[in-house]
Amino acid sequence: MCGIVGIYLKNEALNPGLGKLLAAMLIEMSDRGPDSAGIALYRDPVAESHCKLTLHSAEKVDWGLLQTEMAAQLNVDIEVTTRGSHCIVIAEIDIASVEAWLKARHPELRIMSAGSAIEIYKEKGLPREFVEQFKLHELNGSHALGHTRMATESAVTTEHSHPFSTGMDLCLVHNGSLSNHNWLRRKLRDEGVDIQTDNDSEVAAGYLMWRLREGDSLEAALERALKDLDGFYTFAIGTKNGFAVLRDPIACKPAVMAETDDWVAMASEFRAIAQLPGAEHAAIWEPSPATVYTWGH
Amino acid sequence: MAAFDLNTDSVRDLNQFLHDTSTGMSTVTNPGGRHCIACGVDAPLEVSVEGHVGYYCAGMNKNAAITITGNAGPGVAENIMSGTVRVRGNASQYAGATGHGGTLIIEGDASARCGISMKGVDIVVAGNVGHMSAFLAQKGRLVVCGDAGDFLGDSIYEAQIYVRGKVGELGADCIEKEMTAEHVKELAELLSSTGVEATAGEFRRYGSARKLYNFNIDHADDY
């Protein structure tokens, strides 16, 4: 069992309080996932000439030192902001160059997300502890996804937590379990997709990364996932401008969606949506099995 | 009349009160999608829940009349024994699962697996039902005024299914059966008792072909 939440703000006046809304939804899903919690938040997009990365390390890192080293060696201005065990890096350079430099010089650092607006934070522990550690209440943004994890398929570590990055400004959270992930992981590695853990959900993320790289639209990639992914799933996929939802054809894993004039939200259970302003008057429905839903993307 | 506000009162206190009470009316406000609201009630009480509920609302109900003015999460009226549960909105998956008796009325739509393994409950859905509804249904009646999703009545025993709208693919061993005058009369009575407005003569009836009841030796090589 896991908990998923997603929120997309239609009313920009609510953007400063996005983190607060997300925190309330996430904490409400603690019973469904007390092992780990994570979020992907889209905010403050950088200029086209810049890139934004979220970095994480299991060991303590002097991020200031990293900033100095990067600036000197890449010969660009680097802005770093730490948040909990994670660090946001913004630089006027293409993402591929930064990623290549980090892989060569600092293989101990994990790139949680890359793009222009996305920031991913995830950590072991109760959602409430996560919310406090990463000061979610401070965060603004246009839309976000969240996940609370109850591990069934693999270890409880930060790396095994959700969301998983699936490409530039893209990420995935999953409630369920995939049964053909070992075979699919081998196939994706043959295709050159970098999959770092034995987690089944990371394989779903890798699958989307592969299909998008091959030129599929997000909708086409998700339609194809219905054929290639075997198992139980409710997925929420964060995109630069919105989010998408997909449930498997059996649809055992719950999902509910709601919309008001101010926001669109999805969650594993209504009680997470009940935390949002105006939820009592929202239009509420259950997403149909094997149907791709998208917002704002 | 007792009033519970779940923003301040706990679900446990509410349920304990309902279990300790033998008669009367209770209202529940701000359910906020919480689980197991008004579960295990065993007396002829009236309970009105004003808002959306989470998992297993009105589960195991005996004798009580419980109304939910909102949507219900998974497993509403699961294993209902008797009494009435009415959902004024939509119900999520496996509504009325394993219900032994009583009546479950859903005024909106019900999603997947409505009435799974039902054992005598009457379920009346004013809207549509999702896939695998009445899976393994043993006894009772599932009435769908709208459409039914795929695999309706898969592996059904002796339950009756009535559908007014379209039916997707029928489940294994589920077939359409003749709608006799007797069935029309019985259905009209059930509809009228639930207050759901529909003309009984417009429904089609489905039930078991009884081909899965016994092992067929000719199929031994299929497994």
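Residues numbered from 1 in each chain as written. Chains lettered and ligands numbered in written order. Predicted model: local features only at pLDDT ≥ 70, side-chain atom pairs only at ≥ 80, totals over all residues.

## Thoughts on the overall build of chain B
Each helix and strand in chain B was counted, giving two helices and 11 strands. Each helix and strand of chain B, placed in order from N terminus to C terminus, yields the pattern β-α-β-β-β-β-β-β-β-β-β-α-β. At 18 Å, chain B has a C-alpha radius of gyration in line with the 17 Å of a compact globule built from 223 residues. Judged by the C-alpha coordinates and their principal axes, chain B covers about 60 × 40 × 25 Å. Across the 223 residues of chain B, 52% fall into the buried class. (Helix = DSSP H or I, 4+ residues; strand = E, 2+ residues; numbered from the N terminus. Rg over C-alpha atoms; globule rule 2.2 N^0.38 Å. Buried ≥ 20, exposed ≤ 12 C-beta atoms within 10 Å, placed from the backbone.)

## Thoughts on the pairing of strand β9 (residues 164-167) of chain A
Residues and elements named next belong to chain A. Relative to strand β10 (residues 170-178), β9 runs antiparallel, the two sharing three bridges. Paired with S165 across the bridge in β10 is C171. Counting the residues between successive antiparallel strands, the hairpin from β9 to β10 contains two residues, one of them, D169, with a positive phi of roughly 60°. (Pairing = 2+ DSSP bridges.)

## Quick word on unusual backbone geometry
Of note, the amide linkage connecting H162 of chain A to P163 of chain A takes the cis form, showing an omega dihedral of -5°. In this fold, P163 of chain A is placed in the loop between β8 (143-149) and β9. We note that A38 of chain B has phi near 55°; this positive angle belongs to a residue other than glycine. Within the secondary structure, A38 of chain B is located in the loop between β2 (25-29) and β3 (46-50). Residue classification places A38 of chain B among the buried positions, given that 28 C-beta atoms sit within 10 Å. Notably, S155 of chain B is not glycine yet its phi reads approximately 55°, a positive angle.

## Focus on the interface of chain A and chain B
On the chain B side, the residues contacting the 10 residues of chain A number 13 residues. Classifying every residue of the side of chain A that touches chain B gives six nonpolar, no polar and four charged. (Contact = placed C-beta atoms within 7 Å. Nonpolar A, V, L, I, M, F, W, Y, C, P; charged D, E, K, R; others polar.)

## Some points on the sheet that holds strand β6 (residues 110-115) of chain A
All names here are of chain A. Strand order in the open sheet made by the four strands is β4-β5-β3-β6, with antiparallel pairing throughout. At either margin of the open sheet sits one strand with a lone partner, and together these are β4 (78-83) and β6. Along the sheet, successive strands turn relative to each other by an average axial angle of 20°, direction set aside. Bridge count between strand β3 (residues 51-56) and β6: five bridges; the pairing is antiparallel. Residue pairing for β6: L53 is matched across the bridge by A114. (Axes fitted to C-alpha atoms, helices over the stretch in contact; angles between N-to-C directions.)

## Observations regarding the packing of helix α5 (residues 181-190) of chain A against helix α6 (residues 200-213) of chain A
Residue and element names in this part refer to chain A. Across the interface, α5 lies against α6 with an axial gap of 10 Å and an inter-helix angle of 40°. As the angle between them shows, α5 and α6 are arranged oblique. The two elements α5 and α6 meet at a crossing, and its hand is left-handed. Counting all contacts with α5, which are made through H181, L184, R185 and L188, the residues of α6 involved are D200, V203, G206, Y207 and W210. Classifying every residue of the contact of α5 with α6 by side-chain character gives five nonpolar, two polar and two charged. (Parallel < 35°, antiparallel > 145°, perpendicular 65-115°, else oblique. Left-handed = near helix turned anticlockwise from the far one by under 90°.)

## A closer look at the sheet that holds strand β4 (residues 65-69) of chain B
Residues and elements named next belong to chain B. Taken in spatial order, the 11 strands of this open sheet run β1-β2-β3-β4-β5-β6-β7-β8-β9-β11-β10, and their pairing is mixed. Bordering the open sheet on either side are β1 (2-5) and β10 (174-177), each of which pairs with just one other strand. Going across the sheet, the axis of each strand differs from the next one's by a mean of 15°, ignoring polarity. With four bridges connecting them, β10 and strand β11 (residues 204-208) associate as antiparallel partners.

## Comments concerning the domain arrangement of chain A
Interface size is commonly expressed as the accessible area that is lost once the parts come together. Residue and element names in this part refer to chain A. Domain annotation of chain A identifies domain 1 (2-43 + 126-295) and domain 2 (46-116). The distance between the C-alpha centroids of domain 1 and domain 2 comes to 24 Å. At the interface, 11 residues of domain 1 touch 11 residues of domain 2. (Domains from an automatic or database assignment.)

## Notes on the nonpolar core
Residue and element names in this part refer to chain A. Membership of the largest hydrophobic core comes to 84 residues, with the highest contact counts inside it found for I7, L22 and I273. A total of seven residues in this core trace back to one element, the largest contributor, which is helix α1 (residues 18-28). Residues lining this core come from more than one domain, with at least three contributed by each of domain 1 (2-43 + 126-295) and domain 2 (46-116). In contact with L22, not counting residues within four places along its chain, are V5, I7, I39, L136, A144 and G146. (Core = buried A, V, L, I, M, F, W, Y, C linked by C-beta atoms within 7 Å.)

## Here we look at the packing of α6 of chain A against helix α7 (residues 218-228) of chain A
Residue and element names in this part refer to chain A. Their axes nearest at 9 Å, the elements α6 and α7 cross at an angle of 130°. Here α6 is positioned oblique relative to α7, judged by the angle of their axes. The hand of the α6/α7 crossing is right-handed. Mapping the contact onto sequence places Y207, L208, R211 and L212 in α6 and L218, A221, R224, A225 and D228 in α7. Of the residues that constitute the contact of α6 with α7, the class distribution is six nonpolar, no polar and three charged.

## Observations concerning the environment of K139 of chain B
Residues and elements named next belong to chain B. Relative to the helices and strands, K139 resides in strand β8 (residues 139-144). In sequence terms K139 and S10 are 129 residues apart; their C-alpha atoms lie 36 Å from each other. In this structure K139 touches K119, G120, E158 and A159, once residues within four positions along its chain are discounted.

## With respect to the pairing of strand β1 (residues 2-9) of chain A
All names here are of chain A. Summarising burial for β1: eight of the eight residues are buried, a large majority. Pairing between β1 and β8: seven bridges, direction antiparallel. For V5, the partnering residue across the bridge sits in β8 and is G146. Of the strand pairs in this sheet, β1 and strand β14 (residues 263-267) are connected by five bridges, and their pairing is antiparallel. Residue pairing for β14: G6 is matched across the bridge by M266.

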